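Per-entry structural report
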Amino acid sequence: MKKILLTAINAKYIHSNLAVYSLRANAGKYAQKIELAEYTINHHREEILQGIYQRRPDVVGFSCYIWNIEYVLDVAENLKKVLPEVHIVLGGPEVSYDAKERLDQCPFVDAIVVGEGEETFREFVEMVVQDGDWSSLVKVPGLCLRVDGVPTMTEARAPMDMDQLVFPYGDLQDMENRIIYYETMRGCPFSCSYCLSSVDKQVRMRSLEKVFGELAFFIENKVKQVKFVDRTFNCNHDHAYRIWEFLHQHDNGITNFHFEIAGDLLREEDFELLEKFRPGLVQFEIGVQSTNPKTLEAIRRKMDLSVLEARTERVRKMGNIHQHLDLIAGLPHEDLSSFRNSFNDVYAMKPDQLQLGFLKVLTGSYMNEMTEEYEIQYGSRPPYEVLTTKWLTFADVLLLKGVEEMVEVHYNSFQFVATVALLEKYHDNAFALYESLADFYELKGYLERKHSRVSRYEILWEYVMEKLPEIAEVARQTLTYDLYSRDYVKNPPAFVKQRDKEYLSQVRQFLDGEVENPQMLQGYEGFVTKQLFNMVYVGQFTIDISALLERREVRETPAYSLLFDYKRRNPLNHSAKTENISTKNNYTLS
């Protein structure tokens, strides 16, 4: 048999590539003969080329996306130079919608799988192995190949029956500490103009009987995270509800399941179930994109924002589900002022993470057809990101890039929760805060540098001292709280108030008591006081941190001591469990 290699170049090591696993699993009797090779865009291209060359394949298939297409084409072109007889096949969303043009531009590519690939690839493999004659591939639907030197599409392939798909995972040995991607449906009922999923209107779902068996496999193998790639997972209420019900009933206490959902479609029945979930069992990603009604209409996105706000607030108050909300900059009718409003609207929903993304003009999308009318200029190379629109200048885009980075550093990292809550009170709105931080970083030249975790706290302290010196003492305490909420820091920055000898003596007495009779520290059996002193942190505060976090109130209080317990972390943000030990069990530490 000819040697066939399916190659994936992922964005990060932690990612896996569902496409190549599914193509192999669905290749019929040849499945066990097909090899896989996964790399990342962090590999040198020469390394990828060398790795493929050393396998001496006859056919190489590449899975193509906006984040890897340049790598793929560069490696493929050079591969053809060193292995002239190799046949190179591309597939994936980045080549499906302009297949003829790709073949025209890339003489080193022999064929492109268009759209869903499992059935096409299986028939392709059967034809290549049995006949060895590429001219016979014109009989295989769903391909683009050269006929007499001319890029030609074969017959279009009908959408697949999802139950015909073979489960792609059999051995998880190489999947430890990686995200596993999984799908229960294809297509999307919505028509968002920037998205390729809207092109496939035929929503097809895998039968729940099959889904339950496959989820049981992940649960039994204690996979760390399973990310559903289904678009708008809860567009079919019964399908979503029954899967969530299964996950709740079979929870192994370890596996996390990620879903992209429409928050406004959540129903009362869903909430009654979801509130029973273990913290961290599931997480939701909700694409808001904009809160400008005119923008939402232009991008064909139907959403009741008042309902969405109520639903996301209810999820947040349950406290057991990580909630990630998305915005897209560069959409039609959204100028800087409008985007600022959208940002503040979504920020007010208090998501666990807020992703500020930028419009990517994808070939095959309706947005691509509207570029002239909307005066959209975008990058000519992947990821085809917006540069300007009728409503946004490039200067506006750069400003938003700075805000995006500040949100990633100070909000999405969960590392500055108390200090951000404090700073919000001293800025007109949330957007103004992150814009101010971005300006500060640029002025100081910090944007171009790499920073350690501790240095990020020092920069924020510097910001406070220059911009808001009147709140320096409060900020000193919030930064200390934030710093030690993440991990024990043996050599703290200068803003951390040193604990004097008398207070340290009280801390040791407290730890002595915990060694002899544990009341607050569980899981530290066998450790002596000296060891505990470097495993947990006890610090003194005179600002009510709880009031700040919960109600955005800055309230002074008599001195109290917080215990930071790193063995008990919040499963949603991984921060240490904190307890006021001045008021518990008659401890007098203050």
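This is a predicted model, so every value here is computed, not measured.

1. What about the packing of helix α12 (residues 336-347) against helix α17 (residues 430-444)?
Contact geometry of α12 with α17 gives a least axis separation of 8 Å together with a crossing angle of 110°. Considering their axes alone, α12 and α17 lie roughly perpendicular with respect to each other. Here α12 contributes Leu336, Phe339, Arg340, Phe343, Asn344 and Tyr347 to the contact with α17, which in turn contributes Ala430, Phe431, Tyr434 and Glu435. Residues of the contact of α12 with α17, tallied by class, amount to seven nonpolar, one polar and two charged.

2. Side note on the state of the cysteines
All chains considered together, the criterion is met by zero disulfides. A disulfide-free cysteine, Cys64 has its sulfur positioned 9.4 Å from the sulfur of Cys106, the nearest such atom. Overall, Cys64 belongs to the buried group, its relative accessible area being 0%.

3. Some remarks on the packing of helix α15 (residues 394-410) against α17
At a closest axis distance of 8 Å, the pairing of α15 and α17 adopts a crossing angle of 100°. The angle between α15 and α17 falls in the class roughly perpendicular. Taken together, the residues of α17 that come into contact with α15 (itself represented by Leu399, Leu400, Gly402, Val403, Met406, Val407, Val409 and His410) are Phe431, Tyr434, Glu435, Leu437, Ala438 and Tyr441. Of the residues contributing to the contact of α15 with α17, the split by class is 11 nonpolar, two polar and one charged.

4. Observations concerning the environment of Val140
Here Val140 lies in the loop between α6 (118-130) and β6 (143-147). Residues Val140 and Glu119, 21 residues apart in the sequence, show an inter-C-alpha distance of 9.4 Å. Those residues in contact with Val140 that sit more than four places away from it in its chain are Thr120, Glu123, Phe124, Met127, Thr154 and Arg157.

5. What to know about α6
Across its 13 residues, α6 extends 18 Å between first and last C-alpha, which sits within 8% of the 18 Å expected from 1.5 Å per residue. Taken residue by residue, α6 has Glu118, Thr120, Phe121, Phe124, Val125, Met127 and Val128 as its buried positions.

6. Topic: the nonpolar core
By size, the foremost hydrophobic cluster in this structure holds 145 residues, and its most contacted members are Trp244, Phe343 and Tyr434. If you look at the next biggest cluster of nonpolar residues, it comprises 30 residues, including Val60, Ile69, Val86 and Leu103.

7. Topic: the environment of Val60
Here Val60 lies in strand β3 (residues 59-63). The spatial distance from the C-alpha of Val60 to the C-alpha of Glu285 is 34 Å, given a sequence separation of 225 residues. Setting aside chain neighbours within four positions, we find Val60 in contact with Leu5, Thr7, Ile52, Leu79, Val86, His87, Ile88 and Val89.

8. Side note on the sheet that holds β6
Strands sit in the order β2-β1-β3-β4-β5-β6-β7 across an open sheet of seven strands; the sheet is mixed. A strand with exactly one partner marks an edge of an open sheet, and here the two such strands are β2 (35-40) and β7 (150-153). Put simply, the sheet's adjacent strands are angled 25° from each other on average, direction ignored. Here four bridges tie β6 to β7, and the two strands are oriented antiparallel to one another. For Val147, the partnering residue across the bridge sits in β7 and is Val150. This element, helix α1 (residues 18-25), spans β1 (4-10), β2 and β3 of the sheet and lies at about 160° to β1. Sitting on the sheet, α6 is in contact with β1, β3, β4 (87-91), β5 (111-113) and β6, with an inclination near 145° to β1.

9. Here we look at the pairing of β3
Every other side chain in a regular strand lies on the same face of the sheet, so the side chains alternate between the two faces. Burial analysis of β3 places five of its five residues in the buried class, the great majority of the element. Residues Val59, Gly61 and Ser63 point to one face of β3 and Val60 and Phe62 to the other, with burial holding for every one of them. Pairing of β1 with β3, which is carried by four bridges, proceeds in the parallel orientation. Bridge assignment links Thr7 to a residue of β3, and that residue is Phe62. The sheet contact formed by β3 and β4 spans five bridges and is parallel. Within β4, the residue paired with Ser63 across the bridge is Gly91. Following the backbone out of β3, through helix α3 (residues 69-82) and into the adjacent parallel β4, one traces a crossover that is right-handed.

10. Section: the packing of aromatic side chains
The final tally for this structure, using the stated rule, is 40 aromatic pairs. When the centroid spacing of 5.7 Å and the interplanar angle of 45° are considered together, the rings of Phe233 and Trp244 count as tilted. In this pair, Phe233 sits in the loop between β11 (225-228) and α8 (237-249) while Trp244 sits in helix α8, placing the two residues 11 residues apart along the sequence. The same class applies to Phe233 and to Trp244, which are both buried.

Basis of the calculations
- Residues numbered from 1 in each chain as written.
- Predicted model: local features only at pLDDT ≥ 70, side-chain atom pairs only at ≥ 80, totals over all residues.
- Heavy atoms only, no water.
- Axes fitted to C-alpha atoms, helices over the stretch in contact; angles between N-to-C directions.
- Helix = DSSP H or I, 4+ residues; strand = E, 2+ residues; numbered from the N terminus.
- Parallel < 35°, antiparallel > 145°, perpendicular 65-115°, else oblique.
- Contact = heavy atoms within 4.5 Å.
- Nonpolar A, V, L, I, M, F, W, Y, C, P; charged D, E, K, R; others polar.
- Disulfide = S-S within 2.5 Å.
- Buried < 20%, exposed > 50% of the residue type's maximum accessible area, 1.4 Å probe, protein only.
- Expected span 1.5 Å × (residues − 1).
- Core = buried A, V, L, I, M, F, W, Y, C linked by side-chain atoms within 4.5 Å.
- Pairing = 2+ DSSP bridges.
- Right-handed = clockwise from strand over helix to strand, strands pointing away.
- Phe/Tyr/Trp six-rings, centres within 6.5 Å; stacked < 30°, edge-to-face > 60°.

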